[in-house]
Amino acid sequence: AAAKLLGLYASFYRFVPALYILVAFVLMPALFLGVSAVLDASVGGGVVLLIFILAVFVGFELLWLVGWPVGSPLCYKVLSKDSREEGRKALEKADREVQGLPEPEESPSAAEPAATQEPAGAQDVQV
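Residues numbered from 1 in each chain as written. Predicted model: local features only at pLDDT ≥ 70, side-chain atom pairs only at ≥ 80, totals over all residues. Heavy atoms only, no water.

Enquirer: Explanation requested: the layout of surface pockets in the structure shown.
Expert: Over the atoms, a rolling probe the size of a water molecule traces out where space has been left empty. Taken as a whole, the largest pocket holds about 960 Å³ of empty space. In terms of lining, the largest pocket is formed by 27 residues, of which the most central are Val 23, Phe 57, Phe 60, Glu 61 and Trp 64. By residue class, the composition of the lining of the largest pocket is 25 nonpolar, no polar and 2 charged. Put simply, the second largest pocket is a space of about 250 Å³. Lining the second largest pocket, in full, are Ala 1, Lys 4, Leu 5, Leu 8, Lys 81, Arg 84, Glu 85, Gly 87, Arg 88, Leu 91, Glu 92 and Asp 95. Elements that contribute at least two residues to the lining of the second largest pocket include exactly α1 (2-12) and α5 (81-99). Per element, the largest residue contribution to the lining of the second largest pocket is 8 residues, and it comes from α5. Classifying every residue of the lining of the second largest pocket gives 4 nonpolar, 1 polar and 7 charged. (1 Å grid on protein atoms, 1.4 Å probe; cavity = no way out; pocket = protein on both sides within 12 Å on 5 of 7 lines; lining within 4 Å. Points joined across faces, edges and corners; volume = space filled by probe spheres on them. Nonpolar A, V, L, I, M, F, W, Y, C, P; charged D, E, K, R; others polar. Helix = DSSP H or I, 4+ residues; strand = E, 2+ residues; numbered from the N terminus.)

Below you can see the structure in the form of structure tokens.
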């Protein structure tokens, strides 16, 4: 699920893959090496720094997923629900084209009445 979401963001914003590589392979290791160095120098200072970093991370996740005020998450300000659905449909269509699968048939809506058939033996019979 996370890879699909990252791919969805990458399909809308071209800088996302480079940002991901920078954060995952440069900034995060540098951050953890820094925390490790502070812990080596001072255990108390390292614990305080680690608690601060975790609080910032939890705060960001809450803002991203829940939002402030509650009910307006940042993730939908970056990429709306409609854009997410549109991107998901475009990805599914592209996947079907690559795999050579036919387009799915749309099912009739529930509002359209289905064709009614008479039960067997219900025809008009003349005697």
